Amino acid sequence: MLFFRSEERVNEWCRSRGLPRRPIIRLDQLWQLAVAWYENRLRPDARRPGPDEMRRIFAGIGLEGPFWDPESDEFG
Amino acid sequence: MQFDTQVKTAVYRWTVETTKPPTVVEMSEVVGAPARDVRESYRRLRASRVLFLEPDGETIRMAPPFSGVPTQHCVRVGGREYYANCSWDALGIPAALQEKAQVSSRCEQTLEPIRIEVGREGPEPVPVVAHFAVPAAKWWADLVYT
């Protein structure tokens, strides 16, 4: 989960390493993920989201499909 | 409060205050329990994906969003500097602390510096994106790479 200046820089980075291009997340989406995941992390009753919660969080910001499914076996 | 919850809460409080996760010995003194009990608690917290430990089974590498080792993602909050595990966690630190922050990182392709001002309502718009190379189902298979 790395930062890049642009989608073009991501494409160059993936090509140079022979890696598949995977989802690119906008900064506003990344912030929404950060808030959903960590807003309550310092509270004693905080816990990591379960699979269904993860799907809901991802879908809520437009991230859907097997890549975002924590129980998918599509990627081996 | 259950012991593991007590340890987890104390680990995060320590990390927020000192910017680095505590050792087993340090945590043992904080919670007033033998080091053996804290070590076992760390391992249970690892199993439940709350903490990520080094191969020694007791050094905290990650108390997400905080990193126990320096990374390219530095987050300044007030007078403190934290390291984050990844781009997501770099924004996760101000989200967790509910404070303004300055994120200093880099473009992984060009290595040029990236600076993001994060307010309480989120980051100011800058030309930056994040690439997620690993699918969600595989994140904990190799969390350092992820």
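Residues numbered from 1 in each chain as written. Chains lettered and ligands numbered in written order. Predicted model: local features only at pLDDT ≥ 70, side-chain atom pairs only at ≥ 80, totals over all residues.

How do you make sense of the interface of chain A and chain B when you look at a structure like this?
How big an interface is tends to be stated in terms of the accessible area lost upon association of its parts. Between chain A and chain B, the contact holds 40 residues from the first and 39 residues from the second. The dominant element in the side of chain A that touches chain B, judged by the number of residues it contributes, is helix α2 (residues 27-38) of chain A, at 9 residues. As defined by bridge partners, strand β2 (residues 24-26) of chain A adjoins strand β9 (residues 129-131) of chain B across 3 bridges and the pair is classed as antiparallel. Paired with Arg26 of chain A across the two strands is Val129 of chain B, which belongs to β9 of chain B. (Contact = placed C-beta atoms within 7 Å. Helix = DSSP H or I, 4+ residues; strand = E, 2+ residues; numbered from the N terminus. Pairing = 2+ DSSP bridges.)

Explain the sheet that holds strand β2 (residues 60-63) of chain B here, please?
Working definition: the strands of a sheet are paired by backbone hydrogen bonds and lie parallel or antiparallel to each other. Residues and elements named next belong to chain B. With antiparallel pairing, the 3 strands of this open sheet are ordered in space as β1-β2-β3. Unpaired on one side and paired on the other, β1 (52-53) and β3 (66-67) mark the two borders of the sheet. Bridge count for β2 against β3 is 2 bridges, and the pairing is antiparallel. Within the sheet, the bridge partner assigned to Met62 lies in β3 and is Ser67.

Quick question: what am I supposed to make of the sheet that holds β9 of chain B here?
Strand order in the open sheet made by the 3 strands is β1(A)-β9(B)-β2(A), with antiparallel pairing throughout. Edge positions in the open sheet fall to β1 (2-4) and β2 of chain A, since each of these has one partner strand only. Shown here is a sheet whose adjacent strand axes are inclined to one another by a mean of 35 degrees, direction ignored. (Axes fitted to C-alpha atoms, helices over the stretch in contact; angles between N-to-C directions.)

I tried to follow the packing of α2 of chain A against helix α4 (residues 87-97) of chain B on my own but got confused; where do I start?
Two quantities define a packed helix pair, namely the angle between the axes and the distance from one axis to the other. It is at 8 Å that the axes of α2 of chain A and α4 of chain B come closest, and there the two elements cross at 55 degrees. Here α2 of chain A is positioned oblique relative to α4 of chain B, judged by the angle of their axes. In the crossing of α2 of chain A with α4 of chain B, the sense of the turn from one axis to the other is right-handed. Where α2 of chain A approaches α4 of chain B, its residues Leu30, Trp31, Leu33, Ala34, Val35, Trp37 and Tyr38 of chain A are matched on the opposing element by Ser87, Trp88, Leu91, Gly92, Ala95 and Ala96 of chain B. (Parallel < 35°, antiparallel > 145°, perpendicular 65-115°, else oblique. Left-handed = near helix turned anticlockwise from the far one by under 90°.)

Help me understand the environment of Glu58 of chain B in this model?
All names here are of chain B. One can find Glu58 in the loop between β1 and β2. Separated by 20 residues in sequence, Glu58 and Val38 place their C-alpha atoms 8.9 Å apart. For Glu58, the residues in contact, after removing those within four places along its chain, are Val24, Arg39, Tyr42 and Leu53.

Sorry if this is basic, but what is going on with the environment of Pro65 of chain B here?
Take Pro65 of chain B: it is sitting in the loop between β2 and β3. On the neighbour-count criterion, Pro65 of chain B (27 C-beta atoms within 10 Å) is buried. Along the sequence, Pro65 of chain B and Val75 of chain B sit 10 residues apart, while their C-alpha atoms lie 11 Å from each other. For Pro65 of chain B, the residues in contact, after removing those within four places along its chain, are Tyr38 of chain A together with Ala84, Asn85, Asp89, Gly92, Ile93 and Ala96 of chain B. (Buried ≥ 20, exposed ≤ 12 C-beta atoms within 10 Å, placed from the backbone.)

Would you mind showing me how to read the packing of helix α1 (residues 3-18) of chain B against helix α2 (residues 24-31) of chain B here?
Residue and element names in this part refer to chain B. In contact at an axis separation of 10 Å, α1 and α2 are set at 115 degrees when each is read in the N-to-C sense. Here α2 runs roughly perpendicular to α1, going by the angle between their axes. With respect to the hand of their crossing, α1 and α2 are arranged in right-handed fashion. Along its contact with α1, which presents Gln6, Val7, Ala10, Val11 and Trp14, the element α2 presents Met27, Val30 and Val31. Taken together, the residues that form the contact of α1 with α2 break down as 7 nonpolar, 1 polar and no charged. (Nonpolar A, V, L, I, M, F, W, Y, C, P; charged D, E, K, R; others polar.)

Could you clarify how one ought to interpret the nonpolar core in this entry?
In a soluble, globular protein the nonpolar side chains are often hidden away together inside. With 47 residues, the main nonpolar core has Leu30 and Ala34 of chain A together with Trp88, Leu91, Ile93 and Ala130 of chain B as its most contacted residues. Excluding its chain neighbours within four sequence positions, the residues that come into contact with Leu91 of chain B are Leu30, Trp31 and Ala34 of chain A together with Val103, Val118 and Pro123 of chain B. (Core = buried A, V, L, I, M, F, W, Y, C linked by C-beta atoms within 7 Å.)

Looking at this structure, I do not really get the pairing of strand β5 (residues 80-83) of chain B. What am I missing?
Residues and elements named next belong to chain B. Examined bridge by bridge, strand β4 (residues 74-77) and β5 share 4 bridges and lie antiparallel to one another. Bridge pairing in β5 places Val75 opposite Tyr82. In textbook terms, the turn of a hairpin is the stretch between consecutive antiparallel strands, and for β4 and β5 this stretch comprises 2 residues, one of which, Gly78, has a positive phi near 60 degrees.

Can you walk me through unusual backbone geometry in this structure?
Comment: phi is negative for the bulk of residues other than glycine, and the bulk of peptide bonds are trans. All names here are of chain B. Residue Pro65 follows Pro64 across a cis peptide bond; omega there is 10 degrees. Despite not being glycine, Thr19 has its phi angle at roughly 75 degrees, a positive value. Tracing the backbone through its elements, the reader meets Thr19 in the loop between α1 and α2. One non-glycine residue with positive phi stands out, namely Leu111, at about 65 degrees. Of note, Leu111 is situated in the loop between β6 (101-106) and β7 (113-119). By the C-beta count within 10 Å, which is 9 here, Leu111 ends up exposed.

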